[in-house]
Amino acid sequence: MEYPFITYKPVQFGESEMISRSKVFYDLMDQRRSVRDFSDRDVPEEIIRNIVKTAGTAPSGAHKQPWVFCVIRNKTLKSRLRALAEEEEKKNYEGRMSERWIKDLAPLGTNEKKEFIDIAPWIIVVMKKSYDQDADGTKTNNYYVNESVGIASGFLIAAIHNAGLVTLTHTPSPMNFIAKALNRPDIEKPYLLLPVGYPAEACKVPDLTRKAYDEIAIYFE
Ligand code: IYR
């Protein structure tokens, strides 16, 4: 069977523009911080839509696009998700997480309280699909699902930051309560929960530094 190919018209720039764009993009991304203090200020749906569309441009194993983004604005549903997340997190902080893990989290100032789920105007739950189903219900395979959905989530976080908004990669664990609360089919498993909005006024973040370039890059020339 022959599958169609089309000519790709790549985005191209001169070298000095490439240098400038790569630096400008890095400077922008370097200002990203995970934020836990949200404002309740509303964010237009159009921005959220563009952000989610950007996430959907991520590469995926065999182009299966094994993701679904649940975009939540409903206040009752947010409160329900918050209550359920806090219930699970309480168990985590009070015993399910190791002492070492709790110690590693101390500089981040996290705890079982997740008020950001109520306060942020939007919650995006990233769902992964380990397999899919045809219209007639036949199971189809997906590949490299964690990698694919991880990459899409990275695109999502970059798009949120690029729009001038903030987020937090929240990983309530175990997360099955989310799929139930959202009434999603069994083939979708919650992967990440991201509150999206503006930071609260006088928002504080932990005083962290990033690893030096030499620590994250090794050259083989
Ligand atoms: N899921 C918990 C704990 C937590 C775990 C890691 I790793 C973090 O970087 C931050 C928090 C919570 O959300 O509080």
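Preceding this paragraph is the structure being described.
Residues numbered from 1 in each chain as written. Predicted model: local features only at pLDDT ≥ 70, side-chain atom pairs only at ≥ 80, totals over all residues. Heavy atoms only, no water.

> So what exactly am I meant to see when it comes to the nonpolar core here?
Within the largest apolar cluster, 23 residues are counted, with the highest numbers of intra-cluster contacts made by I48, F69, I124, V126, L156, L165 and V196. Of all the secondary-structure elements, those providing two or more residues to this core are α2 (45-55), β1 (67-72), β2 (122-129), α6 (145-162) and β6 (188-197). A total of 7 residues in this core trace back to one element, the largest contributor, which is α6. Setting aside residues no more than four positions away along its own chain, L156 makes contact with I51, V52, A55, F69, I124, V126 and L194. With 22 residues, the next largest nonpolar core counts F38, C70, M175 and A179 among its residues. (Core = buried A, V, L, I, M, F, W, Y, C linked by side-chain atoms within 4.5 Å. Buried < 20%, exposed > 50% of the residue type's maximum accessible area, 1.4 Å probe, protein only. Helix = DSSP H or I, 4+ residues; strand = E, 2+ residues; numbered from the N terminus. Contact = heavy atoms within 4.5 Å.)

> Before we go on, may I ask you to explain the packing of α2 against α6 in this structure?
In helix packing, the relevant descriptors are the interaxial angle and the interaxial distance, both defined with respect to the helix axes. With their axes 7 Å apart at the nearest point, α2 and α6 run at an angle of 145 degrees to one another. For the pair α2 and α6, the sense of crossing is right-handed. Where α2 abuts α6, its residues I51, V52, T54 and A55 lie against A152, F155, L156, A159 and I160. Grouping the constituent residues of the contact of α2 with α6 by class yields 8 nonpolar, 1 polar and no charged. (Axes fitted to C-alpha atoms, helices over the stretch in contact; angles between N-to-C directions. Left-handed = near helix turned anticlockwise from the far one by under 90°. Nonpolar A, V, L, I, M, F, W, Y, C, P; charged D, E, K, R; others polar.)

> I keep staring at the pairing of β6 and nothing clicks. Help me out?
Taken residue by residue, a regular strand's side chains alternate between the two faces of the sheet. Burial within β6 is extensive, with 8 of its 10 residues counted as buried. Direction of pairing for β2 relative to β6: antiparallel, over a ladder of 8 bridges. Bridge pairing in β6 links V126 to L192. (Pairing = 2+ DSSP bridges.)

> Looking at this model, I keep getting lost on the side chain of H170. Mind explaining?
Of note, H170 is situated in the loop between β5 (166-167) and α7 (176-181). What makes H170 buried here is its relative accessible area of 6%. When sequence neighbours within four positions are dropped, the list of residues in contact with H170 reads A85, E89, K114, F116, I117, L192 and L193.

> Please explain the site of the ligand as it appears in this structure.
Contacts to the ligand come from E89, Y93, W101, L105, L108, N111, K114, H170 and T171. In the model, an oxygen atom of the ligand is placed 3.0 Å from a nitrogen or oxygen of the H170 side chain. Burial of the ligand by the surrounding chains reaches 72%, relative to a free accessible area of 380 Å². Class assignment for the residues of the shell around the ligand results in 4 nonpolar, 3 polar and 2 charged. (Near = heavy atom within 4 Å. Polar contact = N/O pair within 3.5 Å; in protein donor to acceptor, adjacent residues only side chain to side chain. Areas by Shrake-Rupley, 256 points an atom, 1.4 Å probe, with all protein chains shown as cover.)

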